[in-house]
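What the coordinates show
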Amino acid sequence: MSSQKKDPKPQRPAQTQREQPGDEYKMKPRPKVVRAEYRGSGKLKDKVAIITGGDSGIGRAVAVLFAREGADVVIGYLDEHKDARDTVYLVQKEGRECLAIPVISERKKSAASWSPIL
């Protein structure tokens, strides 16, 4: 008898978008950012964390968890402005400050589009 377990069925359906990076707000169901039961312990109290790609995915989860640990957060992101605003909201909901700075990529050089989300 084999002691190996079968792979569990995926809990969420596969998602695709035509452009990368994609927009997290378009995903159904929305990704879970952090577990509600996780309680921070103040390990980053009054520190500042700078996170690239903080508008979605792992970057968003890191931003929110760092805030839960007591850090203020600065996120850099490409052009997913709505996703960045959502991350700012989630960090502020943890009682910390968040500054979102759009990064001008080689693909979209437009200094006129630069404006931080506070």
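This text gives an overview of the structure that appears in the document. All residue numbers refer to position in the chain's written sequence, counted from 1. Only residues with pLDDT of at least 70 are given local features in this predicted model, and only at 80 or more are side-chain atom pairs given and counted; all residues enter the totals for whole chains, interfaces and linings. Working from all heavy atoms in the structure, the side-chain values ignore hydrogens and water.

1. Digging into a nonpolar patch on the surface
For the record, the criterion: Nonpolar side chains (Val, Leu, Ile, Met, Phe, Trp, Tyr) within 5 Å and like charges within 9 Å form the patches, drawn only from residues with over 30% relative accessible area and no salt bridge. Surface accessibility follows the Shrake-Rupley procedure with a 1.4 Å probe radius. Residue values consider only the protein chains on display as shielding. Within this document, salt bridges are pairs made up of a side-chain nitrogen of Lys or Arg and a carboxyl oxygen of Asp or Glu, the two lying within 4 Å of each other. For the purposes of this entry, the term helix denotes a DSSP run of H or I that reaches at least four residues, the term strand denotes a run of E that reaches at least two, and both are numbered from the N terminus.
A cluster of nonpolar side chains, contributed by Y38, L65 and F66, occupies part of the molecular surface with about 230 Å² of accessible area. When you line up the elements, F66 lands in helix α1 (residues 57-68).

2. Concerning the nonpolar core
Quick reminder of the rule: Put simply, buried Ala, Val, Leu, Ile, Met, Phe, Trp, Tyr and Cys residues joined by side-chain atoms within 4.5 Å make one nonpolar core. Partly exposed residues are those whose accessible area sits between 20% and 50% of the maximum for their type, while under 20% is buried and over 50% is exposed, using a 1.4 Å probe and protein chains only.
With 13 residues, the main nonpolar core has I51, A63, V73, I75, V91 and A100 as its most contacted residues. At the level of elements, β1 (48-52), α1, β2 (72-77), α2 (81-93) and β3 (98-102) are the ones that each hand at least two residues to this core.

3. Brief notes about α2
Because each turn of an α-helix spans 3.6 residues, side chains separated by three or four positions end up pointing in the same direction. What counts, and what does not: To estimate the expected span of a helix, count its residues, drop one, and scale the result by 1.5 Å. Whether two residues are in contact is decided by their heavy atoms, any of which lying within 4.5 Å being enough.
Look at α2: 18 Å from first C-alpha to last across 13 residues, which is about the 18 Å you get at 1.5 Å a residue. Regarding α2, the residues found buried are D83, A84, D86, T87, V88 and V91. Against the buried residues of α2 lie α1, β2 and β3.

4. Re α1
Its 12 residues place the ends of α1 17 Å apart at the C-alpha level, agreeing with the 16 Å of an ideal helix rising 1.5 Å per residue. All of the buried residues in α1 are G59, R60, A61, A63, V64, A67 and R68. Against β1, β2 and α2 lie the buried residues of α1. Just past α1, the residue G70 takes up positive phi, approximately 110°.

5. Things to note about the pattern of salt bridges
A full pass over the atoms with the stated rule returns 6 salt bridges. Note that R96 and D46 form a salt bridge whose closest N and O atoms lie 3.5 Å from each other. Of this pair, R96 sits in the loop between α2 and β3 while D46 sits in the segment before β1; the two residues are 50 residues apart in sequence, bridging distant segments of the chain. Residue class for R96 comes out buried when judged on its relative accessible area of 17%.

6. Topic: the sheet that holds β1
For clarity, the threshold we go by: Strand pairing is assigned whenever DSSP identifies at least 2 bridges connecting the two strands. Structural elements are reduced to axes, namely lines fitted to C-alpha atoms, with helices fitted over the stretch in contact, and the angle between N-to-C directions of any two is expressed from 0 to 180 degrees.
Within the open sheet, the 3 strands sit side by side as β1-β2-β3. Their pairing is parallel. At either end of the open sheet lies a strand with only one pairing partner, and these are β1 and β3. Pairs of neighbouring strands in the sheet enclose a mean axial angle of 15°, with direction left out of account. Summarising the sheet, β2 and β3 pair through 5 bridges and their orientation is parallel. By the bridge assignment for β3, I75 is matched with A100. With respect to the sheet, α1 is in contact with β1 and β2, its orientation differing from that of β1 by roughly 175°.

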